[in-house]
Amino acid sequence: FYLDTPAASYNSSILLSKHDGDAGNDGWVYGIWNPNSDTARRILNFQANNQFNTNTYPDINGVVNSKRWYHFVVTYRKDISDLRYFLNGSMVMQKTIPFDMINNNRKITIGYSASSLGTYLGYFLGKIDDIRIYSRSISLNEVTYLYKN
């Protein structure tokens with residue numbers, strides 16, 4: 001999908017989630033993290049929860065600046081536990097996730113994380129466009145095609 005990050009003072013916000021923000025130890029969240037309260041630059045991040053609790057943050061290549069559109073793709077191959085982040089057609093992170101993060105009974109949410117307590121967490125205040133969710137992991141050639149077209 002494409003995202004446009006606004007200048008804001010929040011520390012983190014959710015882009016896509018299949019996670020309970022208040023209860024449960026399962027699910028995943030893709031978002032933007034602001035580790036240094038820098039309102040102009042943020043880092044793409046991924047968090048998956050179960051007994052392993054995995055947080056991943058790309059290096060400097062995963063930084064997004066405010067007031068600019070980005071093409072962001074995440075792929076996950078369950079058979080080999082392979083998670084990859086692509087930003088503007090280039091892979092910025094690859095990580096092995098040592099558990100099945102896909103199968104849980106949570107709803108997928110866009111722009112926030114739902115909570116079993118009836119609240120909503122981590123609102124994304126920017127713009128999101130052209131979200132696609134596939135039933136398979138797309139290839140590097142497909143990522144490149146989507147970015148260029």
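Because the structure is a prediction, the values reported are computed rather than measured.

### With respect to the pairing of strand E8 (residues 82–87)
- Within E8, five of the six residues are buried, leaving the element largely enclosed by the surrounding structure.
- Taken together, the six bridges between strand E7 (residues 69–77) and E8 define a ladder with antiparallel strand orientation. Paired with Tyr76 across the strands is Leu83, a residue of E8.
- Between E7 and E8, which pair antiparallel and follow one another directly, the connecting turn spans four residues, one of which, Ser81, has a positive phi of 55 degrees.
- Bridge count between E8 and strand E9 (residues 90–96): six bridges; the pairing is antiparallel. Residue Tyr85 lies in a different strand from E9, and its bridge partner there is Met93.
- Count of turn residues in the E8/E9 antiparallel hairpin: two residues, of which Asn88 carries a positive phi of about 50 degrees.

### Notes on the sheet that holds E7
- Pairing within the open sheet is antiparallel, and its five strands lie in the order E9-E8-E7-E1-E13. Where the open sheet ends on each side, the last strands, each with one partner, are E9 and strand E13 (127–129). Shown here is a sheet whose adjacent strand axes are inclined to one another by a mean of 25 degrees, direction ignored.
- Along the sheet face, helix H1 (residues 140–148) touches strand E1 (2–4), E7 and E8 and points at about 160 degrees away from the line of E7.

Each value, and the rule that gives it
Residues numbered from 1 in each chain as written. Predicted model: local features only at pLDDT ≥ 70, side-chain atom pairs only at ≥ 80, totals over all residues. Heavy atoms only, no water. Buried < 20%, exposed > 50% of the residue type's maximum accessible area, 1.4 Å probe, protein only. Helix = DSSP H or I, 4+ residues; strand = E, 2+ residues; numbered from the N terminus. Pairing = 2+ DSSP bridges. Axes fitted to C-alpha atoms, helices over the stretch in contact; angles between N-to-C directions. Contact = heavy atoms within 4.5 Å.

The values are spatial; any link to function lies outside them.
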